[in-house]
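Structural overview
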Amino acid sequence: MEMKKSPDGGWGWVIVLVSFFTQFLCYGSPIAVGVLYIEWLDTFGEGKGKTAWVGSLASGVGLLASPICSLCVSSFGARPVTIFSGFMVAGGLMLSGFAPNIYFLLFSYGIVVGLGCGLLYTATVTITCQYFDSRRGLALGLISTGSSVGLFIYAALQRLLIEFYGLDGCLLIVGALALNILACGSLMRPLQSSQCSLPEKTALKNVPDRYSIYNEKEKNLEENTNILEKSYSCEEAYKSTVGNGDWKQENLLHKNPTTTGHTKETETYKKKVAEQTYFCKQLAKRKWQLYKNYCGETVALFKSKVFSALFITIFLFDIGGFPPSLLMEDVARSSNVREEEFIMPLTSIIGIMTAVGKLILGILADFKWINTLYLYIATLISMGLALCAIPFAKSYVTLAVLSAVLGFLTGNWSIFPYVTTKTVGIEKLSHAYGILMFFAGLGNSLGPPIIGWFYDWTQTYDIAFYFSGFCVLLGGFILLLAALPPWETCNQQLPKPAPKTFLYKVTSNA
């Protein structure tokens with residue numbers, strides 16, 4: 001089914017608005033989990049590495065399941081997936097309010113909420129890309145600021161709710177707020193197909209025979225004869241068991257008109273059984289062909305050097321780039337920064353600057369004279385350098401400045417779908433984006449626990465953030481090498497030289 005041309009406006013702005021609020025409501029608490037992280041450390045008394053798994057799973061599980069999320073959105077559409085995922089996120093947050101230990105939180109907050117967020121993220125990005133083409137960078141930048149604004153607001157909101165209602169009451173209220181995702185999902189009207197005026201029956205009549213699942217011309221005659229032979233063998237067995245007199249009476253009954261009608265009914269029934277069997281076989285063959293095509297497309301994607309470098313880069317970026325938003329509050333406490341100096345929570349600074357970064361980078365991506373891939377690489381290298389500078393920050397002011405820089409550079413998430421689209425094309429976006437988000441989720445899941453284990457081992461965050469900065473820098477340079485123009489020109493085949501022609505003169509003997 002071919003989609004309509006992207007309207008680049010109209011109802012698409014409603015899609016942008018509800019996608020913004022969807023990401024705001026679902027990602028607000030999981031991204032601002034740094035506030036809850038300190039409370040969980042004090043409540044359960046576990047190590048920082050183990051406790052960090054809760055926040056890392058909430059951000060990583062949904063991305064790990066991105067291929068499944070993409071398949072769900074492609075099969076059922078963005079609206080049903082959004083409504084179903086809204087129940088998951090709200091239910092997981094409310095269940096976390098009754099968590100007796102850290103292991104229960106790993107399931108309720110880490111897996112249930114994380115999987116719901118992954119489904120919602122894939123649904124909002126996919127439907128926005130369908131509605132926008134020339135303004136896609138701006139639209140993606142606007143919807144992705146929803147999670148950043150959520151980080152800014154939820155960091156202060158959760159701290160306030162914990163003071164008034166405790167940790168359990170905070171999670172119950174945040175879960176109730178997440179139920180508003182259902183209202184947002186109901187407004188995600190799918191983009192209609194370009195050829196939908198004909199009724200279904202007349203459209204099916206016009207489909208050529210070679211495209212139909214069940215083709216009358218290609219019936220498997222052997223299948224039909226096998227079924228009929230089985231039925232006749234059963235009838236012969238029945239003859240041997242019945243007496244001669246009874247069988248003669250039965251033969252006489254077959255001559256009656258009523259029995260002949262019954263025989264025709266059984267024959268039509270056998271024919272229908274044969275047809276249904278063949279139909280199921282053809283359907284299974286078609287499904288198997290779809291799976292083979294999916295595997296073939298995956299292999300074809302990885303043949304691209306830029307795409308192969310992209311999945312390594314996003315993995316390393318999430319290992320090193322995600323921990324600051326989760327651990328920055330604990331970094332300040334470990335640096336002996338007094339709470340009286342906190343003008344604004346560091347997590348909130350990261351959140352508001354991430355929103356600014358997503359919006360500005362999204363606008364820059366729409367300019368034709370800016371190479372989006374090189375813009376993304378520049379943000380990676382700058383972020384790696386900023387991460388390496390965190391161990392030198394020993395006051396609130398320096399930590400706030402670095403939090404603002406890291407937040408702005410984290411806004412490159414808004415142009416990552418744009419980079420993926422330019423690399424593989426809009427037709428393969430859902431497939432390629434699911435694969436890339438799987439590796440992003442793997443990095444998200446491993447990053448904070450690795451940083452926490454570094455602290456448990458050395459009792460300082462210095463080596464941990466040197467490691468984070470190295471990972472992000474390595475990913476940026478790998479992608480830069482793959483995207484350089486000389487590599488592309490080396491892959492192009494040189495034109496074959498024109499064959500040389502020689503002229504021979506035949507001299508005759510004088």
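A brief look at the structure comes next. (Residues numbered from 1 in each chain as written. Predicted model: local features only at pLDDT ≥ 70, side-chain atom pairs only at ≥ 80, totals over all residues. Heavy atoms only, no water.)

Moving on to the overall build of the protein chain. Of the regular secondary structure elements, the protein chain holds 21 helices and zero strands. Evaluated residue by residue, the protein chain yields a buried proportion of 47% over its 510 residues. For the protein chain, restricting intrachain contacts to residue pairs at least 6 apart in sequence, the fraction spanning at least 24 positions comes to 85%. Of the roughly 26,800 Å² of accessible surface on the protein chain, a fraction of 65% belongs to carbon and sulfur atoms. (Helix = DSSP H or I, 4+ residues; strand = E, 2+ residues; numbered from the N terminus. Buried < 20%, exposed > 50% of the residue type's maximum accessible area, 1.4 Å probe, protein only. Contact = heavy atoms within 4.5 Å. Areas by Shrake-Rupley, 256 points an atom, 1.4 Å probe, with all protein chains shown as cover.)

On to a nonpolar patch on the surface, then. A surface patch of nonpolar side chains, about 510 Å² in accessible area, is lined by L160, F164, Y165, I173 and L177. Considering the arrangement of structural elements, one finds L177 in helix α7 (residues 136-177). Exposure remark for L177: the relative accessible area of 32% places this residue in the partly exposed category. (Patch = residues over 30% accessible without salt bridge, like charges linked within 9 Å, V, L, I, M, F, W, Y side chains within 5 Å. Salt bridge = Lys/Arg side-chain N within 4 Å of Asp/Glu carboxyl O.)

Scanning the entire structure with this criterion turns up zero disulfides. A disulfide-free cysteine, C184 has its sulfur positioned 9.8 Å from the sulfur of C26, the nearest such atom. Overall, the relative accessible area of 10% leaves C184 in the buried class. Summary of cysteine pairing: C388 is not part of a disulfide, and the nearest cysteine sulfur, belonging to C471, is at 9.9 Å. (Disulfide = S-S within 2.5 Å.)

Before going further, it helps to spend a moment on unusual backbone geometry. Of note, Q459 is a non-glycine position whose phi angle comes to about 60°, a positive value. Relative to the helices and strands, Q459 is located in the loop between α19 (429-458) and α20 (462-483).

Here we take up the nonpolar core. Grouped together as the largest cluster of nonpolar side chains are 125 residues, with contacts concentrated most on L36, W40, Y109, L346, F416 and M437. The element best represented in this core is helix α6 (residues 102-131), accounting for 14 residues. (Core = buried A, V, L, I, M, F, W, Y, C linked by side-chain atoms within 4.5 Å.)

Turning to the pattern of salt bridges, a few remarks are in order. It is possible for side chains of opposite charge to pair when their charged atoms get near one another. Evaluation of the coordinates by the stated rule reveals one salt bridge. The residue E46 makes a salt bridge to K50 at a minimum N-O spacing of 3.4 Å. Take E46: its relative accessible area is 28%, and that puts it in the partly exposed class.

How two helices sit against one another is set out by the angle between their axes and by the gap between those axes. Running from N to C, helix α15 (residues 346-365) and helix α17 (residues 396-410) point in directions that differ by 35°, and their axes come no closer than 6 Å. α17 is crossed by α15, and the crossing has right-handed handedness. Seen from α15, the contacting residues are L346, I349, I350, M353, T354, V356, G357, I360 and L361; seen from α17, they are Y396, L399, A400, S403, A404, G407, F408 and T410. Looking at the contact of α15 with α17 residue by residue, the class counts come to twelve nonpolar, five polar and no charged. (Axes fitted to C-alpha atoms, helices over the stretch in contact; angles between N-to-C directions. Left-handed = near helix turned anticlockwise from the far one by under 90°. Nonpolar A, V, L, I, M, F, W, Y, C, P; charged D, E, K, R; others polar.)

Moving on, we come to the packing of aromatic side chains. In the structure shown here, the tally under the stated rule is 17 aromatic pairs. Consider the rings of W53 and W453, whose centres lie 6.2 Å apart with planes at 65°: the pair is edge-to-face. Pair noted here: W53 is in helix α3 (residues 48-64) and W453 is in helix α19, with a separation of 400 residues, a long-range link. Residue classification places W53 among the partly exposed residues on the basis of a relative accessible area of 24%. Classification of W453 by relative accessible area gives partly exposed; the value is 44%. Between Y461 and F465, the ring centres sit 6.0 Å apart and the planes meet at 55°, which makes this aromatic pair tilted. (Phe/Tyr/Trp six-rings, centres within 6.5 Å; stacked < 30°, edge-to-face > 60°.)

Along helix α14 (residues 323-334), ten of the twelve residues are buried, which leaves the element largely enclosed by surrounding structure. Phi for N336, located one or two positions after α14, is positive at around 60°.

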